[in-house]
Amino acid sequence: MTDTAAPSDITYSGYLALDDLLAAQHPLSDQHDEMLFVVIHQTKELWLKQILHEVALAQSMIRSGDLVPAYKSLARVSRIQAVMTMSWDILATMTPADYLRFRGDLGTSSGFQSDQFRRFEYMLGLKDRRFLRFHEHRPHAHAALEAALAAPSLYDDALSQLAVAGLPVPAEVLNRDVSQPYEPSEGVEAAWLQVYRDTARWWPLYQLAEKLVDLDDALLTWRHKHVVTVERIIGRRPGTGGTAGVAYLAETLQRRCFPELWSLRSRL
């Protein structure tokens, strides 16, 4: 015997576990706008869950040399990122006065502490061990972050496929410690330049590179809108998580997950 429900017994609410999902909002104040704040951030975490799901699939395909099937998951991620970016406009309907009525109830909680967002960064190659300490109180999240830190990133996988195709990726890049932040390489840029200068010959790698740029572009767009929204709502106040707020967020705009895919454009 099995406890699995027959298809005729499955309801919309049951399939989606709506009773659990819709009971997961617990504002700490009686302020109207706090519900929006909770729903926006919970929605982002759900989208991040799907993003991690898609990137993991794309990585497994790329590692096995199936570049073209990986495009679908990567394209899906960039579209999810666009939806997440648009959600800042909804949050921006909350005025500074609205937010300040419940901000004190948030304590030291902050989006800075999102383990799923950090996993996404790690999977894209933005490795930074310092973020692990914020998740020691959640062993499963900490373990997932450690695993992502120690594993090859999406970019590492793409560079390995460049080498498999016979392009001259430097050995020190291929054999580097993948838990460390990626450093731009002139040799890697030269390898990608060969791809971009003969797109017909290297079409699958060329399209993979452009899908990666889509992800980086979308992440930068998300970060920029985050900066603008935070400054609109709290100005230059420090963040609740102890960061410098807007100043910290503005610094993240300088990060590139796939640096050579940007720098090569000046040399084409």
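Here we summarise the structure given alongside this text. What you are looking at is a predicted structure, and each value in this text was computed from that prediction instead of being measured. (Residues numbered from 1 in each chain as written. Predicted model: local features only at pLDDT ≥ 70, side-chain atom pairs only at ≥ 80, totals over all residues. Heavy atoms only, no water.)

1. Considerations on the nonpolar core
Moving on, step 1. One finds Tyr-155, Trp-192 and Leu-261 to be the most contacted residues of the largest nonpolar core, which totals 70 residues.
Moving on, step 2. Ignoring any residue separated from it by four or fewer positions in sequence, one finds Leu-261 in contact with Tyr-155, Trp-192, Tyr-196, Ala-209, Leu-212 and Val-213. (Core = buried A, V, L, I, M, F, W, Y, C linked by side-chain atoms within 4.5 Å. Buried < 20%, exposed > 50% of the residue type's maximum accessible area, 1.4 Å probe, protein only. Contact = heavy atoms within 4.5 Å.)

2. Remarks on helix H6 (residues 115-124)
Moving on, step 1. Counting buried positions along H6 yields 9 of 10 residues, so the element is predominantly enclosed.
Moving on, step 2. Residues Asp-115, Gln-116, Phe-117, Arg-118, Phe-120, Glu-121, Tyr-122, Met-123 and Leu-124 constitute the buried set of H6.
Moving on, step 3. Here the buried face of H6 lies against helix H3 (32-63), helix H4 (67-91), helix H7 (139-150), helix H8 (154-164), helix H11 (203-234) and helix H12 (246-251).
Moving on, step 4. Taken from the residues just after H6, Gly-125 is the one with a positive phi, measuring 115°. (Helix = DSSP H or I, 4+ residues; strand = E, 2+ residues; numbered from the N terminus.)

3. Comments concerning the packing of aromatic side chains
Any aromatic ring pair is given by two values, namely how distant the centres are and how the planes are angled relative to each other.
Moving on, step 1. What the rule picks out here adds up to 9 aromatic pairs.
Moving on, step 2. A centroid spacing of 5.3 Å and a plane angle of 80° characterise the contact between Tyr-155 and Tyr-182, whose relative ring orientation is edge-to-face. Of this pair, Tyr-155 sits in helix H8 while Tyr-182 sits in the loop between helix H9 (171-174) and helix H10 (186-197), placing them 27 residues apart in sequence. There is no split in this pair, since Tyr-155 and Tyr-182 are both buried.
Moving on, step 3. Grouping aromatic residues by their ring pairs yields a cluster made of Phe-37, Tyr-99 and Phe-102.
Moving on, step 4. The residue whose ring lies beneath Lys-44 is Trp-88, and the NZ or CZ to ring-centre distance is 3.9 Å.
Moving on, step 5. Note that Arg-256 overlies the ring of Trp-262, its terminal NZ or CZ placed 5.1 Å from the centroid. (Phe/Tyr/Trp six-rings, centres within 6.5 Å; stacked < 30°, edge-to-face > 60°. Lys NZ or Arg CZ within 6 Å of the ring centre and 35° of its normal.)

4. Digging into the packing of H4 against H11
When two helices pack together, their arrangement is given by the angle between the helix axes and by the axis-to-axis distance.
Moving on, step 1. Running from N to C, H4 and H11 cross one another at 10°; their axes reach a closest spacing of 9 Å. Accordingly, the angle class assigned to the pair H4 and H11 is roughly parallel.
Moving on, step 2. Class assignment of the residues belonging to the contact of H4 with H11 gives a composition of 18 nonpolar, 7 polar and 4 charged. (Axes fitted to C-alpha atoms, helices over the stretch in contact; angles between N-to-C directions. Parallel < 35°, antiparallel > 145°, perpendicular 65-115°, else oblique. Nonpolar A, V, L, I, M, F, W, Y, C, P; charged D, E, K, R; others polar.)

5. Brief notes about the side chain of Arg-118
Moving on, step 1. Structurally, Arg-118 can be placed in helix H6.
Moving on, step 2. Residue contacts for Arg-118: discarding those within four places in its chain leaves Phe-112, Phe-131, His-135, Leu-145, Tyr-248 and Arg-255.

That is the geometry; function is a separate question.
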